[in-house]
Amino acid sequence: NDIGFLSYKEHLPVTEIVITDTDRANSEAAYKLGPLLCRGDRTFWNSASFNTETSYLHFPTFHGELSADVSFFFKTTASSGVFLENLGIQDFIRIELYSPFEVIFSFDVGNGPSKVSVQSLASLNDNQWHYVKAERNIKEASLQVDQLPQSSHTAPPDGHIRLQLNSQLFVGGTASRQKGFLGCIRSLQLNGMSLDLGERAKITPGVEPGCPGHCSSYGNLCHNGGKCREKYSGFSCDCTFSAYGGPFCKKGKNISAYFGTGTSVTYNFQEYYTLAKNSSSHASSFYADMTLNRETITFAFRTTRTPSLLLYVSSFYKEYLSVILTRNGNLQIRYKLDSHQDPDVFSINIKNMADGKLQHMKINREQEMLFVEVNQNERMNFILSSGTEFNAIKSLTLGKILENINVDEETMKANSQGFTGCLSSVQLNHIAPLKAALYHSSSAPVIVKGRFTESNCGALTGAGSTLSETTHSFADHSGPINEGEPLATAIRSDSAIIGGVIAVVIFILLCITAIAICIYIKKGIHSKNEAKGSENEDSAESALKSELSMQNTANETQKEYYF
């Protein structure tokens, strides 16, 4: 039995376990790995901002007589400056940004000053994070900057080898009054030990804890429309207007909701502005920021109702996009990007998509080119003829359109039924209307009317769950819809409670009847087999004794080995 802990991150990840001595008869091996716990690295964002060239932090003397390694990240707009310095009577160690394109690691161990430099083709003072690692031992010194080729310097064979320092360690400045560093330094480590820059900066004039501008370097880690937000140490992704969640708006549950008959969810992009009659300005000047040359729409749906209106995007110029299910269950995408022409109609005739199963859609338009993906495998390309610009978009509607609209006949037929079923992970570019309606209805420009309930329907993909979910959730609810009621009370009514009570009573009566029938049948079978069972009792007993005897023999010879 071998049990132990892995205490060094260099030993992770475990990629192979070798177990020997397993070829002998009756030899067994069992192993269990874990649990592996990720505790993070709080020193990674430990940082300080140096606001003047004369500001610095000081720490106790760095002891790296025979071996020294220093690593850190920096970010600056200055052309030069000293990152750190530690002096002795004659010896010293210094790392500095010598120019916008060069970092130098210099030192003296008694053999005269030596230096190692790395030059970059791209500027290093671009206000982005850059990584520096300097190492020195009795054989050589090396310097690494980002992913650039490492530079090294071989020590003289018969020279001094001990680095003897006695002054304080200066970070962001120098004791020799050279030009200090102007910018941010974080995650500073000396011989594997982290220095607490943030805590020391709290009590040092001219230096502040933390670094602003993390989003300029790491903002691209926020996906699916998530916004990067600066924090005191590090950053976070605000997923408010993303259809996804998680630390980077990349994972988490799908935002899904059930739509009852007549339900409408409308997300307004902007308000309508009334123009004066004598205004020479065109309306497009007011809505220019909401004119689209390209858009990406993703969503999933589940329904058994046709025709249905899945999604509708309107414009102040009578342009629109509608995604509908026709009466036979085919999906149609209808683009009208010219108010004087009929809409472009693109039919997806793969199968009946109103089969109660979850269907995933991705619609991507780049000017006149339209790319459609169904269930992540079927891909189609189309070309629009009605235009390339979606001008002055007004709102996005899921379910039934409640305002007066001027659309084609098929879209009007689909709108008469609205949508009854499940919509999940709806997103238009960076806009996530379902998430806004469910979690931010008080602050987001969204209007909800009718029966609208959050659900996990977008996560149910098994065949067994499809039928039950469809039967339960897509059934038509009779009675008028009070569109002004809050969502929490819209789905409750006296008739629903009475119906539930009646259903429970009927179910209990059926269960009692079934139990009584089973008891009666079992009594008949038992009486018939009672005589026959007594005849076989003796033979069964002897067989059982024989089997137990064989088991005991096997247990005495079996050996187990655990690793």
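Just above, that's the structure.
Below, the structure is looked at part by part. Given the structure is predicted, the values throughout are model-derived calculations rather than measurements.

This next bit is on the sheet that holds strand β18 (residues 264-268). The sheet built from 7 strands is open, its strands ordered β23-β22-β21-β20-β27-β18-β29 with antiparallel pairing. A single partner strand is all that each edge strand has here, and the edge strands are β23 (344-348) and β29 (446-449). Across the sheet, the mean angle separating the axes of adjacent strands is 10 degrees when strand polarity is ignored. Relative to strand β21 (residues 320-325), strand β20 (residues 308-315) runs antiparallel, the two being bridged by 6 bridges. Considered in β21, the bridge of S308 is made with L325.

This brings us to the environment of I95. Relative to the helices and strands, I95 is located in strand β5 (residues 92-99). Take I95: its relative accessible area is 0%, and that puts it in the buried class. Distance from I95 to K133, taken between C-alpha atoms, is 9.7 Å for residues 38 residues apart in sequence. Each residue touching I95, except ones within four places of it in the same chain, is listed here: V70, F72, V82, F83, L84, V103, I104, F105, V132 and A134.

A few words on the packing of aromatic side chains. According to the stated counting rule, one finds 14 aromatic pairs in the structure shown. Considering the side-chain rings of F259 and F419, the 6.0 Å spacing of their centres and the 75 degrees angle between planes classify their relative orientation as edge-to-face. Residue F259 is found in strand β17 (residues 256-259), and its partner F419 is found in the loop between α4 (409-417) and β28 (421-428); the two are separated by 160 residues along the sequence. Neither F259 nor F419 differs from the other in exposure class; each is buried.

Sheet architecture is open: 6 strands sit in the order β2-β11-β4-β5-β6-β7, paired in antiparallel fashion. Strands at the two margins of the open sheet, each flanked by one partner only, are β2 (57-59) and β7 (114-119). If you compare each strand with its neighbour and ignore which way they point, the axes differ by 15 degrees on average. Across 7 bridges, β5 lies against strand β6 (residues 102-108) in antiparallel orientation. Residue pairing for β6: R94 is matched across the bridge by S106.

Turning our attention to the side chain of R186. As for its placement among the helices and strands, R186 is situated in strand β12 (residues 183-190). Residue contacts for R186: discarding those within four places in its chain leaves F44, W45, N46, S47, F72, F73, W129, L197 and Y218.

Conventions and cut-offs
Residues numbered from 1 in each chain as written. Predicted model: local features only at pLDDT ≥ 70, side-chain atom pairs only at ≥ 80, totals over all residues. Heavy atoms only, no water. Pairing = 2+ DSSP bridges. Helix = DSSP H or I, 4+ residues; strand = E, 2+ residues; numbered from the N terminus. Axes fitted to C-alpha atoms, helices over the stretch in contact; angles between N-to-C directions. Buried < 20%, exposed > 50% of the residue type's maximum accessible area, 1.4 Å probe, protein only. Contact = heavy atoms within 4.5 Å. Phe/Tyr/Trp six-rings, centres within 6.5 Å; stacked < 30°, edge-to-face > 60°.

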